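The residues making up each chain are set out below.
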Amino acid sequence: MTNVAAIDCGTNSIRLLIAAPTIRPDGTIQLTDIVRENKVVRLGYGVDRTGEFDPDALARTLAATREYADLISANGCSRIRFVATSATRDARNRDVFIEGVQNALGIEPEVISGSEEAQLSFAGAISAVSATASSPYLVADLGGGSTELVAGSTVPLSSYSMDIGSVRLTERYLDITDAEKRAEAITTDIDSALDVAEQQVDLSTTGTLIGVAGTITTVTAHALRLPRYDPAAINGRMLTVAQTISACQDLATMDRSELSELPYMHPGRVDIIGVGATIWEHTVRRTAQRVEDANGSLSGVLTSEHDILDGIALSIAQ
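Structural notes, computed from the coordinates.

Thresholds, definitions, all that
Sequence order as written defines residue numbering, which begins from 1 separately in each chain. Since the coordinates come from a predicted model, pLDDT governs what is reported: local features require at least 70, and pairs of side-chain atoms require 80 or more to be given and counted, while whole-chain, interface and lining totals use all residues. Each side-chain value is derived from all of the structure's non-hydrogen atoms; neither hydrogens nor water enter the calculation. For two strands to be treated as a pair, DSSP must find at least two bridges joining them. Only DSSP runs of H or I reaching four residues or more are called helices, and only runs of E reaching two or more are called strands; each is numbered from the N terminus. Throughout, a contact is declared for two residues whenever any of their heavy atoms are within 4.5 Å. Angles here are taken between N-to-C directions and fall from 0 to 180 degrees, while the axes themselves are lines fitted to C-alpha atoms, restricted in helices to the stretch in contact. For this analysis, a nonpolar core means a set of buried residues of the types Ala, Val, Leu, Ile, Met, Phe, Trp, Tyr and Cys, connected via side-chain atoms within 4.5 Å. Relative accessibility under 20% of the residue-type maximum defines a buried residue, over 50% an exposed one, and the middle range a partly exposed one, all with a 1.4 Å probe and only protein chains included. Pairing of aromatic rings covers Phe, Tyr and the six-membered ring of Trp, with a centre-to-centre limit of 6.5 Å; geometry is then stacked below 30 degrees between planes, edge-to-face above 60, and tilted otherwise. Our angle categories are set so that under 35 degrees counts as roughly parallel, over 145 as roughly antiparallel, 65 to 115 as roughly perpendicular, and the remainder as oblique. The sense of a crossing depends on the near helix, which, turned anticlockwise from the far helix by less than a right angle, makes the crossing left-handed and, turned clockwise, makes it right-handed. Gly is put with the polar residues, along with every residue not named as nonpolar or charged; the nonpolar set is Ala, Val, Leu, Ile, Met, Phe, Trp, Tyr, Cys and Pro, and the charged set is Asp, Glu, Lys and Arg.

1. A short note on the sheet that holds strand 5 (residues 110-111)
Across the sheet, 5 strands lie side by side as 3-2-1-4-5; this open sheet has mixed pairing. Two strands lie at the open edges of the sheet, namely strand 3 (29-40) and strand 5, each paired on one side alone. Inspection of the sheet shows strand 1 (residues 4-9) paired to strand 4 (residues 79-84) by 6 bridges, in the parallel sense. Bridged to valine 4 within strand 4 is arginine 79. Together, strand 1, strand 2 (13-23), strand 3 and strand 4 form the strand contacts of helix 2 (residues 55-74), whose direction differs from that of strand 2 by roughly 20°.

Set out below in structure tokens:
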């Protein structure tokens, strides 16, 4: 099997995975990382407000795409898949973006639905889950523009894409100067989205809550007080509900200078981590409460560094 290249272009960042697929004895595919890159380009800047891509954000994203094209060429990838998610679904001028990607890579980017985004996230997240994690799983992919919830054991059984994300909600309420009123507006949006999500996804049967993407990995790094951002220390780490909520609340109440000094904080995440942590806190609380109400047992909150990017790579390796 030859190398494959997967690109995930979200609201906040564009990421590349070049991997070598091999077949395990049980017939499933294992991916071995060759290149894993992440660039914060904030493609979704202003989209919630204007309905269009900002020209500077578009230029940053296409420049990163051209850099990724060079890496893909250098590593002899036979298959490439470029997936665009929330911001691209919402932007009126997405044709400019699509043409730019085609010029750089020679392939057309796929603007996928929230449902497919959830399925790919689930496949990526459970690809590296330890056998000790209790199923069924609830995978939460907390992005810049949307948050996907998907439940299942070996395959997704139900899913829902919420139009709440760290960038979208940060930008939506920038004009509210009163911190208390702003926080209230944000939490109202989060709780309303979760109310609707629960009509599609049963949270009460969750055995393990699995969180993926940058906000959640940063929350986990903060809970562990890591000396630097360390994917190996974060991936597969199981936290209690109380540990997760404490870390979320801490990040949500820090000011910009305090956040900037954290050794595991990406500079491009400083201005959105507070809202992202609040989304994660409410999601964790809601899930834990529903499991408790059903007299179930939630084994914990697991963080995975494997997510939609791995799901994309698996889809073309297969």
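2. Describing the nonpolar core
Burial of nonpolar side chains together is a common tendency in soluble globular proteins. Leu169, Leu251 and Trp280 are the most contacted members of the largest nonpolar core, which has 40 residues in total. Those elements that provide at least two residues to this core are strand 6 (137-142), strand 7 (147-152), helix 7 (179-197), helix 8 (214-224), helix 9 (231-234), helix 10 (241-253) and helix 12 (273-293). For tryptophan 280, the residues in contact, after removing those within four places along its chain, are Ala140, Leu142, Leu209, Gly211, Ile216, Val219, Thr244, Cys248 and Val301. With 25 residues, the next largest nonpolar core counts Ala5, Ile14, Ala64 and Ala69 among its residues.

3. Section: the packing of aromatic side chains
Pairs of aromatic rings are described using the distance from one ring centre to the other and the angle between the two planes. Across all of its chains, the model carries 2 aromatic pairs by this definition. Geometrically, the ring pair formed by phenylalanine 53 and phenylalanine 97 is tilted, given 5.7 Å between the ring centres and 55° between the ring planes. One end of the pair, phenylalanine 53, is in the loop between helix 1 (47-50) and helix 2; the other, phenylalanine 97, is in helix 4 (residues 94-105), with 44 residues separating them in the sequence. Taken together, the aromatic side chains of Phe53, Phe82 and Phe97 make up a single cluster linked through ring pairs.

4. Regarding the packing of helix 7 against helix 12
Running from N to C, helix 7 and helix 12 point in directions that differ by 45°, and their axes come no closer than 10 Å. Between helix 7 and helix 12, the crossing angle belongs to the class labelled oblique. The handedness of the crossing between helix 7 and helix 12 comes out as right-handed. Here helix 7 contributes Arg182, Ile186, Thr187, Ile190, Asp191, Leu194 and Asp195 to the contact with helix 12, which in turn contributes Val275, Thr278, Ile279, His282, Thr283 and Arg286. Among the residues forming the contact of helix 7 with helix 12, the class breakdown is 5 nonpolar, 4 polar and 4 charged.

5. Focus on the packing of helix 8 against helix 12
At a minimum axis separation of 9 Å, helix 8 and helix 12 run at an interaxial angle of 90°. When the axes of helix 8 and helix 12 are compared, the pair comes out roughly perpendicular. Counting all contacts with helix 8, which are made through Thr215, Ile216, Thr218 and Val219, the residues of helix 12 involved are Ile273, Gly276, Ala277 and Trp280. Grouping the constituent residues of the contact of helix 8 with helix 12 by class yields 5 nonpolar, 3 polar and no charged.

Limitation: the analysis is restricted to geometry and does not speak to function.
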